[in-house]
Amino acid sequence: MPFEPINPPQFPPPIAPYSAGAKAGNTVYVSGVLALGEGGTVLHVGDAAAQTRHILEVIKVTVEAAGGTMADIAMNHIFLKDLDDYAAFNAVYAEYFPGDKPARYCIRADLVKPDLLVEIASVAHLA
């Protein structure tokens, strides 16, 4: 099945060869999102909550560009640089998923730049 790349125009170009998202049928795959600005600048250095909020806003825009909402997200893949940021991450995450919660996993991992604290990739199923 062919897929449709999803690249909302308000986003800076990706720092590597990928699309922000891909829609195949009624499934939307959102690439791993980091708190990056123009030219790959790290945003909100040292603030896991602010990085999480930025990331979830990017995911929201990407899913909406594909015709969905945050309520359509069924799975989140979460990477934290430091598990000491888990509580701050969860406080923001809960704001974006107030109803039924998607499935998820969360692991500690080194990310592509030292100041990045959080990365999330998502899968949404549109009605």
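Shown above is the structure to which this text applies.
All of these numbers come straight from a predicted model, not from anything done at the bench. (Residues numbered from 1 in each chain as written. Predicted model: local features only at pLDDT ≥ 70, side-chain atom pairs only at ≥ 80, totals over all residues. Heavy atoms only, no water.)

Colleague: Mind showing me how you'd approach the nonpolar core here?
Modeller: Proteins that are soluble and globular tend to have nonpolar side chains buried together. By size, the foremost hydrophobic cluster in this structure holds 25 residues, and its most contacted members are Leu-56, Ile-59, Val-118 and Ile-120. Mapped onto this core, the elements with two or more residues apiece are β3 (27–33), α1 (48–65), β4 (73–80), α2 (86–96) and β6 (118–125). Considering each element in turn, this core owes the most residues, 6 residues, to α1. Filtering out sequence-adjacent residues up to four positions away, Val-118 remains in contact with Val-33, Leu-34, Ala-48, Gln-51, Thr-52, Ile-55, Phe-79, Leu-80, Phe-89 and Leu-111. Counting residues in each nonpolar core, the second largest holds 5 residues, with Leu-34, Leu-36, Val-42 and Leu-116 among its members. (Core = buried A, V, L, I, M, F, W, Y, C linked by side-chain atoms within 4.5 Å. Buried < 20%, exposed > 50% of the residue type's maximum accessible area, 1.4 Å probe, protein only. Helix = DSSP H or I, 4+ residues; strand = E, 2+ residues; numbered from the N terminus. Contact = heavy atoms within 4.5 Å.)

Colleague: What exactly am I supposed to notice about the sheet that holds strand β5 (residues 103–108) here?
Modeller: Within a sheet, each strand pairs with its neighbour through backbone hydrogen bonds, oriented either parallel or antiparallel. Pairing within the open sheet is mixed, and its 6 strands lie in the order β1-β2-β3-β6-β4-β5. The outermost strands of the open sheet, each flanked by one partner alone, are β1 (4–6) and β5. Between one strand axis and the next, the sheet turns through 15° on average, direction left out of account. As judged from the 5 bridges shared by β3 and β6, these two strands associate in the antiparallel manner. Bridge assignment links Thr-27 to a residue of β6, and that residue is His-125. The strands that α1 touches are β1, β2 (21–24), β3, β4 and β6; relative to β6, the one it contacts most, it runs at about 25°. (Pairing = 2+ DSSP bridges. Axes fitted to C-alpha atoms, helices over the stretch in contact; angles between N-to-C directions.)

Colleague: Just checking my understanding: could you explain the environment of Ile-59 for this structure?
Modeller: Along the chain, the position of Ile-59 falls in helix α1. For the pair Ile-59 and Phe-97, spaced 38 residues apart in sequence, the C-alpha separation works out to 12 Å. The residues touching Ile-59, leaving out its near neighbours within four places in the chain, are Val-30, Val-33, Met-70, Ile-73, Ile-120 and Ser-122.

Colleague: Explain a nonpolar patch on the surface to me, please; I cannot follow it from the model alone.
Modeller: A cluster of nonpolar side chains, Ile-15, Tyr-18 and Val-112, forms an exposed patch at the surface whose accessible area comes to about 290 Å². Within the secondary structure, Ile-15 sits in the loop between β1 and β2. (Patch = residues over 30% accessible without salt bridge, like charges linked within 9 Å, V, L, I, M, F, W, Y side chains within 5 Å. Areas by Shrake-Rupley, 256 points an atom, 1.4 Å probe, with all protein chains shown as cover. Salt bridge = Lys/Arg side-chain N within 4 Å of Asp/Glu carboxyl O.)

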